[in-house]
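Each chain, letter by letter, is given below.
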Amino acid sequence: MESSKVYSICQMEDGFIWLGTDIGLSRFDGLQFKNYTIKNNLGKGGVRELFRDVNNVLWIGHEGGQISRYFNNHFEVIEVPGISNNITSFCQVNEQEIWVTTLGNGVFKIENTNAPLDLLKVVPVTSKNVSNVVFNSYMSKKQGVFLITDVDIQFYDIDKAEFKRYNPRNLDTYFQFSVLFEDSKGNMWYGTFNGGLYKQDALSGEVQYYDIKDGLASNWITGIIEDRNSNIWISHWDMGSRGGVTKISPDGSLKVFDKENGLHDNKIWCLAEDIEGNILIGTTEHGLDIFKGERFVSFTSKNGLADNHINSVLQLTGGDFWIGTNKGISYGNVEKGNLNKYNQDNNQISNQIRFFKRDLNNNIWIGTEDQGVELYDVRKKRFVSQPYVNQHLPRFSKAVWAMEIDKNNILWMGTPAGLCAYDITSKKYVKTYGRIDSLPANEIKSLFCDHKGTLWVGTQNGGVSFFNDGYFRNIDLPDKITPNSITENSLGHLIVGTEAHGVYVLDGNRVVSQYTISDGLYTNNSRFVITDGFDNIYVGTTIGLNKILHGKDVVLSYSERNGFVGIEAKANACFKDNVGRLWFGTVGGLTCYDPSIDQSAPEIPITHITAFMVNGEEIDVNRKKVFPSYKNNILFHYSSISVYDPSSVTYHIMLEGADEDWESTDQQRTANYRALPPGSYEFKVMAFNSHGLSAKEPVSVGFIILAPLYKRPWFIMLMVVFIIGVTVVVVRLRERNLKRDKKLLAEKVAERTKELNNAKIKLEDRNNDIMDSIRYARRIQSAITQIDIPFDDTFVFFKPKDVVSGDFYWASTHNGKEYLSAIDCTGHGVPGAFMSVIGYTSLSKIIVEKGIMKPAEILDQLNREIILRLNQREEEEVNDGMDLSLISYDSATRIMEYAGAYNAVWIVRLGELIEIKANRFAIGRTTGVDKVFTNHEVQLEKGDMVYLFSDGYADQFGGPKGKKYKASALKKLMVKISSLPVDEQKELLSLELDEWKGELEQIDDILIIGRRF
């Protein structure tokens, strides 16, 4: 977005969300914003009001009184004489009539709203009862229009065509009204400027008043909406520190959302609910905020937790929670923020808390990272150290890796050196179990006691074992897995989250199912697994949370975008409380998830083909699409509207006529088809949300590529007739000439002489054509390789030897990094030019399409592609290739990365030259050795001057003795000129070269790039 102030929000039938801002209009598709201004034929002034009419036309009200509409995919400005004040609202009175209110020019109505621009009729709505200052309007279910003015509220009775003052019983009119709303039950809501909120009951007419004392975020009301769950949402704008958004639930409870609990701004202009049920919030200073529901609620140290690294969670009988962190234990009511702390300083317990388990006496056993186990006596309310138990833990480590208490009150402790068992009831140590007891390994990674009382054990690379009759038995699994976490569902199936093999669902020895990355998991490394009351499986990973829907084999994804803000889950940090909510520990705090409010059916994503490009030219998708044979490079851009979880939308595409089947593209939103043969094609795209749902029919665009002229049937027939005719004529002429050979011998000699002269002329013409082609090749090469450098304080000194060059430079920006390279291809002239085009396109492809970011990896890939393109093989040494230096720069960290093939990079810092040498092998040019380029990182300082170059300047002959200029002289020159502005440096390099070269011929292409950081 170009502006952070959002006055109005409107979503159209196609799913696009339009935002009115103080500088124009923005369109949002869930991932990207597209901005519109007067350059797009939009009216002048910021956009104060947006309105979608019954015909799906977008009406736009501007500051200063202009009105625009988005009609048939383009903007139109509606000229209305007499309006010079801000547009404050639109109100649809009937299908062909819209009322427009202003802040000083009264009310106007637009008739024939779905007609072309020249047929629209705009007339004022006049009444002595209505003030010219109208703040808002509302179309009631009672077949009337409410107008909120600076004097009162006026009601226009459509049937009687008359205005009357609206003054319901018990409604206090002391404060100026700002907004009016009628909910689904017919209740009327009235917002005021700093006077709070009124609700008038539809049946009794009684008025209920809300203000900040009742829990309202602020008494200044800017907007009121009702969501699909009958919650009333109120937006606030306050001159002080108050403000934000208030939600009034159907039960009458109020909840405030402001900067204290996640909202980015307390000054809110507007609210809207989108088709997915998200609440869209227009703010003053932070653009668009999106409330995606309360399925996830997060708690951090700001809410009273001892630390944001949450390792374990336990709920006590009374409802309070114990939360284990890296800084001790937080306990109390986490949702109200009433938390106390146990830690090493206050209670002489470890700060590194990893596990909580309750025994049959309701006491709490605590597993730690560094001090073994501790006991909290609930009745005595004190901690009891356990030296007897801890002395049996491994001497080299007192870390508890896993912990469980079985139905016999046996405490099981997983350690790096075996499984320790302690009888809590008899207070006797039982045994340390290991390989000798049939465990596959001594490293115990997870423990779980199922509903039957069976103890399950996960070991390092040893799979799953269970304890029965004093012995361990192993489950036969196809892979050597490391179970990080184990749980079960209501069917008694065992759920095993592994270190590298995803999630297994086991029924005894039988694998019921396995879920991996290919099924939608973020990673195959599971930090925890837990099930909810619906038997859905939740998998915590290092990059987010996955939910495996029971019975559907659908994997949902949750990340920061859709509420799971902690992102990186902690090992076995999960818990189901006494009302079925799930609690997850992460490195970013504690997250509570309510499965019961996350059961609604998801909306099917709305898919669009947003651009159709032919040979780089954008084509209107609505026009006839028939193209000549040479227009056969086709590019499609497509997208899907999903505000709730845009990162989980995937696509299937197919070009009918070229592809045999659908292709899955994950989150890629472009499809490129190059050099398509003649034929009839139809591009189809389908979008799938995180639930795997999509529209029944794909979105499609059809087009035709015609065959070239010489392949069309009528042209072939014409050529056959022409050839036959020419053959007949030639034969007859030949016969006549043979009869006159003797007589015309002298003339033939003259004729042949003339033909030789003509051939000479043609040869000269051919030579001119070749030179013209070379010059045109130079234009093509320049268009491809000689781009404008997109960086400040940068010069390029480029002097080709011939018409076309083997040296070229390349610059790009991608994913926050800036790339710059100087490349010297084999030879110069035409061969070098061909190599330069190959190098340029390969570099762009490697970074943009393959996503390779590090310079050394880029050169490794470039080397492979050059060898592939030139068909270089190890058994044939080929000298085609290129020398180059490539840098990438991260402006956020000021770190430059470099890799080079023969060509070094020079850094001049405070008058000193630093040389970073390149690898002594080239791109291409097979040498019989494996090439792995070295990546260098340099922390740049402000004012550093970085130079990249080919060998042309240093190798140039000249001077009084006709010798090479040499790299040493060039280094001195660079140090000498490095402090000068870059334009002066470039000029001095040119002057020095001309003076050195004198009358001698330039021997090679010359390229030097300098950039100041």
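Quick summary incoming for the structure in this document. Keep in mind that this is a model prediction, so the values were computed, not measured.

### What about the environment of Gln-667?
In step 1: By the secondary structure assignment, Gln-667 is in the loop between strand E61 (663-666) and strand E62 (670-673).
In step 2: Expressed as a C-alpha distance, the spacing of Gln-667 and His-652, which sit 15 residues apart in the sequence, is 9.8 Å.
In step 3: If we skip the residues at most four places from it in the chain, Gln-667 touches Ser-647, Ser-648, Val-649 and Tyr-651.

### Quick look at a negative patch on the surface
In step 1: On the surface, Asp-792, Asp-793, Asp-983, Glu-984 and Glu-987 cluster together to form a negatively charged patch.
In step 2: Positionally, Glu-987 belongs in helix H8 (residues 982-997).

### Here we look at the nonpolar core
Taken as a class, soluble globular proteins show a tendency for nonpolar side chains to be buried jointly.
In step 1: In terms of nonpolar packing, the biggest core is built from 40 residues, with Tyr-953 and Leu-989 touching the most fellow members.
In step 2: The leading source of residues in this core is strand E74 (residues 945-949), at five residues.
In step 3: If we ignore the near neighbours within four places in the chain, the residues touching Tyr-953 are Phe-797, Tyr-965, Leu-970, Leu-973, Leu-989, Glu-992, Leu-993, Ile-1006 and Ile-1008.
In step 4: In this structure, Trp-810, Ile-846, Met-853 and Ile-923 belong to the second largest nonpolar core, which totals 26 residues.

### Some remarks on H8
In step 1: If you check H8, its first and last C-alpha atoms are 23 Å apart, about what 16 residues at 1.5 Å a residue would give, namely 22 Å.
In step 2: Within H8 the residues assigned to the buried category are Val-982, Gln-985, Leu-989, Leu-993 and Lys-997. One face of H8 carries all of its buried residues, which in axial projection span an arc of 90°. Facing away from the buried side of H8 by over 90 degrees, the exposed positions are Asp-983 and Glu-995.
In step 3: Of the residues trailing H8, Gly-998 is marked for its positive phi of about 60°.

### Some words on the pattern of salt bridges
In step 1: The full count for this structure, using the stated rule, is 28 salt bridges.
In step 2: Here Glu-369 ties to Arg-354 by a salt bridge, and the two come within 3.1 Å at their closest N and O atoms. Linking Glu-369 in the loop between strand E34 (364-368) and strand E35 (373-377) with Arg-354 in strand E33 (residues 353-358), this pair joins segments that are 15 residues apart in sequence.
In step 3: On the basis of relative accessible area, Glu-369 is assigned to the partly exposed category, the value being 34%.
In step 4: Salt-bridge contacts for Lys-801 lead to Asp-802; the nearest nitrogen and oxygen are separated by 3.5 Å.
In step 5: Residue Lys-801 is classed as partly exposed on the basis of its relative accessible area of 24%.

What counts, and at which threshold
- Residues numbered from 1 in each chain as written.
- Predicted model: local features only at pLDDT ≥ 70, side-chain atom pairs only at ≥ 80, totals over all residues.
- Heavy atoms only, no water.
- Helix = DSSP H or I, 4+ residues; strand = E, 2+ residues; numbered from the N terminus.
- Contact = heavy atoms within 4.5 Å.
- Patch = residues over 30% accessible without salt bridge, like charges linked within 9 Å, V, L, I, M, F, W, Y side chains within 5 Å.
- Areas by Shrake-Rupley, 256 points an atom, 1.4 Å probe, with all protein chains shown as cover.
- Salt bridge = Lys/Arg side-chain N within 4 Å of Asp/Glu carboxyl O.
- Lys, Arg positive; Asp, Glu negative; His and termini not counted.
- Charge placed at Lys NZ, Arg CZ, Asp CG, Glu CD.
- Core = buried A, V, L, I, M, F, W, Y, C linked by side-chain atoms within 4.5 Å.
- Buried < 20%, exposed > 50% of the residue type's maximum accessible area, 1.4 Å probe, protein only.
- Expected span 1.5 Å × (residues − 1).
- Arc of directions from axis to C-beta.

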